[in-house]
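# Per-entry structural report
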Amino acid sequence: MMFFIYQIVTKPLTSKLIIDEVCPACNKKDSIELTLYMQYISMIIPLFGMGRRTGVICTNCGNVLKNPHSSVFAKKKYSKKIGEAIKDIRKNHKRTLWQLLYPWSIWFVIPILILIILGISSINKKRTNEKAKEYAELLMHPQPGDIYKSTWMESNLSSGVLVKLMRINGDTMYVVKTKKNIPMSFSEEDWDKLTAGPGAFETKEYKIKKFSVLGEANYADFFMYHTDENGKQYPIFLGEVLNSKCEMNLDFETIDRKK
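Description of the structure in this document. Only a predicted model underlies this, so the values are computations on that prediction, with no experimental measurement involved.

## Concerning the overall build of the protein
For the protein, the count of helices and strands is four helices and 12 strands. Against the globule reference of 18 Å for 259 residues, the protein gives a C-alpha radius of gyration of 37 Å, more extended than a compact globule. Taken along the three principal axes of its C-alpha coordinates, the protein extends 110 × 40 × 30 Å. Out of the 259 residues in the protein, the part that is buried amounts to 34%. Here the protein has roughly 17,000 Å² of accessible surface; of this, 56% comes from carbon and sulfur atoms. If you average the places of the 38 positive and of the 27 negative side-chain charges in the protein, the two averages end up 14 Å apart.

Listed below in structure tokens is the structure:
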């Protein structure tokens, strides 16, 4: 359910006293003030113009002779002279360019915002495509020493670990993972809790298939193969390289290779 909050704004443009006009309430002369307003609907910014309105009030006693918010069909309770002054102020007041555009500014702003959003989206898409190509190159041509920020499945629970490639033998990669893990996260701060220093990795090695032989859909996944009692091999999924396809704009690298 959507809610739209808006308000009708009545903004004064110019005012003048109507000379020799007497207030019918307090009989004070030269106290009748005529004000020209601009009225528009605003939703944080001006959205839709509702034209110009006029208001007439006695500055001495506060008597309202014409309410700027009243209907155009409301009965006129002011003199002919005030009526002529209203026509004159509407005819002769010269609006600035900003006053002409102000109530309609949203219609000029929206196309600009759309162009900016499209431009940012295009730049982000280009960067994402470039990063995806870079990661694909690293994964399809792995090198010993590569470290991957990865998900890892243990006891049907997924956590975050660092996986280090130790060596390659044909289509098989030998990897180890860190002793420590973290809850699955997309925050660099959380991943910084894992280090790749001496003693950080387990001694147990996992024999997994090279990414290049897994096919396009699984090229960033860790698969090891188990042979059953009938000699048939079946794959066991261990985990995957975090954000390997660059589907998210993470602000940190998930594949590290020493230069």
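## With respect to unusual backbone geometry
Its identity is not glycine, yet Asn27 carries a phi of approximately 65°, on the positive side. Inspection of the secondary structure puts Asn27 in the loop between strand S1 (7–17) and strand S2 (32–43). Backbone geometry places Asn243, a non-glycine residue, at a positive phi of 55°. Here Asn243 lies in the loop between strand S11 (233–241) and strand S12 (255–256). A relative accessible area of 13% places Asn243 in the buried class.

## Brief notes about the layout of surface pockets
To find leftover empty space, a probe the size of one water molecule is rolled over the atoms. Of the voids in this model, the largest pocket is the one considered here, and its volume is about 430 Å³. Looking at the largest pocket, it is lined by 20 residues, and the ones nearest its centre are Thr54, Lys66, Ser71, Lys76 and Tyr78. Elements supplying a minimum of two residues to the lining of the largest pocket: strand S3 (45–58), strand S4 (64–66) and helix H1 (80–92). With four residues, the single largest contributor to the lining of the largest pocket is H1.

## Considering the nonpolar core
Residues Leu139, Tyr148, Phe211, Phe222 and Val241 are the most contacted members of the largest nonpolar core, which totals 22 residues. Elements represented by at least two residues in this core include exactly helix H3 (105–140), strand S5 (147–154), strand S6 (157–169), strand S7 (172–177), strand S9 (206–209), strand S10 (221–227) and S11. Setting aside residues up to four positions removed in sequence, Phe222 forms contacts with Tyr148, Ser150, Trp152, Val163, Ile208, Phe211, Ile236, Phe237, Leu238, Gly239, Glu240 and Val241. Within the second largest apolar cluster, 17 residues are counted, among which are Val9, Ile32, Leu36 and Ile89.

Definitions and cut-offs
- Residues numbered from 1 in each chain as written.
- Predicted model: local features only at pLDDT ≥ 70, side-chain atom pairs only at ≥ 80, totals over all residues.
- Heavy atoms only, no water.
- Helix = DSSP H or I, 4+ residues; strand = E, 2+ residues; numbered from the N terminus.
- Rg over C-alpha atoms; globule rule 2.2 N^0.38 Å.
- Buried < 20%, exposed > 50% of the residue type's maximum accessible area, 1.4 Å probe, protein only.
- Areas by Shrake-Rupley, 256 points an atom, 1.4 Å probe, with all protein chains shown as cover.
- Lys, Arg positive; Asp, Glu negative; His and termini not counted.
- Charge placed at Lys NZ, Arg CZ, Asp CG, Glu CD.
- 1 Å grid on protein atoms, 1.4 Å probe; cavity = no way out; pocket = protein on both sides within 12 Å on 5 of 7 lines; lining within 4 Å.
- Points joined across faces, edges and corners; volume = space filled by probe spheres on them.
- Core = buried A, V, L, I, M, F, W, Y, C linked by side-chain atoms within 4.5 Å.
- Contact = heavy atoms within 4.5 Å.

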